Amino acid sequence: MSAQNTLSTRQRCDLRVIAAMMIPPSAEYEVPGADDAAIQADILASLGRDSAQVSEALDHLARLAGAPLAELDAARREAIAKEFRTTGGAAAATLIRVVLQCYYRDDRVLRSLGLEPRPPFPKGYTLEQGDWSLLESVKARSPMWRRAP
């Protein structure tokens, strides 16, 4: 389910602002901020089951701010962010996790970390579906278990 339909315009704007506060762009490392359009699109497209908690976190953030975050000065936004981290609970943790998850899977960020933006298969070799031959050495070992008390 796309968050484009579940988050209000204000929530999407506040999400962009709080993401930019979390991870600003860096010219030194040639990486975008978390408010980059592609990263924001990824966040909105992949919220799925986290949509309700992210919406709850953004509502809590809006109550703390009393106005759209973009309209507040930097010092006020920072104060609200600190209060949000301490009073937001599980919903705030979910919002933070979602932003970080989408940011760190962006190809530009992966390249800046020295990682290849590719599938996790070794150098592009794919494993055949149902090919369990790599597990032969594990299956050859004796069972590892112990009696429960």
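The rules behind these values
Residues numbered from 1 in each chain as written. Predicted model: local features only at pLDDT ≥ 70, side-chain atom pairs only at ≥ 80, totals over all residues. Heavy atoms only, no water. Helix = DSSP H or I, 4+ residues; strand = E, 2+ residues; numbered from the N terminus. Buried < 20%, exposed > 50% of the residue type's maximum accessible area, 1.4 Å probe, protein only. Contact = heavy atoms within 4.5 Å. Salt bridge = Lys/Arg side-chain N within 4 Å of Asp/Glu carboxyl O.

Observations concerning the overall build of the protein chain
Consideration 1: Looking only at helices and strands, the protein chain features 8 helices and 0 strands.
Consideration 2: Going from the N terminus to the C terminus, the protein chain shows its helices and strands as α-α-α-α-α-α-α-α.
Consideration 3: Looking at the protein chain as a whole, 32% of its 149 residues qualify as buried.
Consideration 4: At a minimum sequence separation of 6, the contacts of the protein chain that also span at least 24 residues come to 67%.

Observations regarding the pattern of salt bridges
Consideration 1: In the structure shown here, the tally under the stated rule is 6 salt bridges.
Consideration 2: We note a salt bridge from Arg10 to Asp14, for which the minimum N-O separation is 3.6 Å. Placement of the pair is Arg10 and Asp14 together in helix α2 (residues 9–22), with a separation of 4 residues, close to one helical turn.
Consideration 3: Sharing partners across several salt bridges, the network here consists of Asp36, Asp106 and Arg108.

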